[in-house]
Amino acid sequence: DRRVKIAPSILSADFADFGREIRAVEDQGADWIHVDVMDGHFVPNLTFGPPAVKAFRKHVTTVMDVHLMIAPVDPYIEAFAEAGADILTAHIEAGPHPHRTLQAIRAAGMKAGVALNPGTPAGAVEHLLDLADMVCVMTVNPGFGGQKFLDMTGKVRRLRQMIGDRPVHIEVDGGVDPRTAPLVVAAGADVLVAGSAVFKGGSVGDPSPYGDNIRAI
Ligand code: DX5
Ligand code: ZN
């Protein structure tokens, strides 16, 4: 389905060669590049800060979709804007003032996303939909790539209904592969994050297997 965007998560890429990995997936059909920022506090893992994200920006020619798994969020919004994020997504569980956070993301010139952990119901973001450009439904507990898909199709369907005719993307993140992708697309998702399913096998080969991996999703 061509209306559905594929956003490879570089969490599963070769960390010693991000430039080449980003180019390889963009050349082979990636619509967006998904960057997972983790703080060792909101989630039990550490990844990249704004300087690394700024370095990725030089290689991204599509859309840089930055997923913050950090708390607090607000003190870092400006830094991620300067790093070149196109979309900045914060978790609804990350703090008590989500309207303020989404407004600040837009005020800094980015599209604003709000993410929900698997344990958080759809209704938690109902009153934020006018301030959001995207809702990200987590289908794993965030922190690591390669985890087992948790079925959140009911949540995706309810969100699509709540969103109505607003121009809000629904992104699904975690365990997306050729088996699970059709389930979430049928429920109303239009952006699919995929890490291990895209980067599996490594970029060896000419062309690399990434194109086939992307098309299989
Ligand atoms: C999970 C991250 C995801 C993750 C997806 O904490 O937010 O973006 O990298 O990886 P896969 O597709 O392997 O589940
Ligand atoms: Zn993510």
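Reading the values: the criteria
- Residues numbered from 1 in each chain as written.
- Chains lettered and ligands numbered in written order.
- Predicted model: local features only at pLDDT ≥ 70, side-chain atom pairs only at ≥ 80, totals over all residues.
- UniProt positions renumbered as here; feature names shortened; annotations may be inferred.
- Helix = DSSP H or I, 4+ residues; strand = E, 2+ residues; numbered from the N terminus.
- Buried ≥ 20, exposed ≤ 12 C-beta atoms within 10 Å, placed from the backbone.
- Contact = placed C-beta atoms within 7 Å.
- Pairing = 2+ DSSP bridges.
- Axes fitted to C-alpha atoms, helices over the stretch in contact; angles between N-to-C directions.
- Core = buried A, V, L, I, M, F, W, Y, C linked by C-beta atoms within 7 Å.

A. The UniProt feature "binding site: substrate" (unreviewed entry) in the protein chain, seen in detail. Residues annotated by UniProt as "binding site: substrate" (unreviewed entry) correspond here to Ser9, His67, Gly143, Phe144, Gly145, Gly146, Asp173, Gly174, Gly175, Gly195 and Ser196. Position of Gly146 relative to the elements: it lies in the loop between β6 (134-138) and α5 (153-163). Its 13 C-beta neighbours within 10 Å are what place Gly146 among the partly exposed residues. One can find Gly195 in the loop between β8 (191-194) and α7 (196-199). Overall, the presence of 24 C-beta atoms within 10 Å leaves Gly195 in the buried class. Here Gly195 is in contact with Pro8, Ser9, Leu11, Ser12 and Gly145, once residues within four sequence places are set aside.

B. Molecular detail of the sheet that holds strand β2 (residues 33-38). An order of β1-β8-β7-β6-β5-β4-β3-β2 is seen for the eight strands of this open sheet, with the pairing classed as parallel. Looking at strand neighbours, the two that pair on one side only are β1 (5-8) and β2, the edges of this open sheet. The mean angle between the axes of side-by-side strands here comes to 25 degrees, regardless of whether they run parallel or antiparallel. The pairing of strand β3 (residues 64-69) with strand β4 (residues 87-91) spans three bridges and is parallel. Paired with Val66 across the two strands is Leu88, which belongs to β4.

C. Representation of the environment of Val60 within the structure. Mapping Val60 onto the fold places it in the loop between α2 (50-57) and β3. Between the C-alpha atom of Val60 and that of Ile33, which follows or precedes it by 27 residues, the distance is 7.2 Å. Residues contacting Val60, with those up to four places away along its chain left out, are Ile22 and Ile33.

D. Inspection of the nonpolar core at higher detail. Ranked by internal contacts, the top residues of the largest apolar core, which has 70 residues, are Val66, Leu88, Val135, Val137 and Leu192. If near-sequence neighbours (up to four positions away) are discounted, Val135 is found in contact with Val114, Val125, Leu159, Val168 and Ile170.

E. Spotlight on the environment of His59. Summarising the element assignment, His59 is placed in the loop between α2 and β3. Judged by local crowding, His59 falls into the partly exposed class, with 16 C-beta atoms found within 10 Å. Along the chain, His59 and Phe18 lie 41 residues apart, while their C-alpha atoms are 8.4 Å from each other. For His59, the contacting residues outside a window of four places in its chain are Phe18, Gly19, Ile22 and Arg23.

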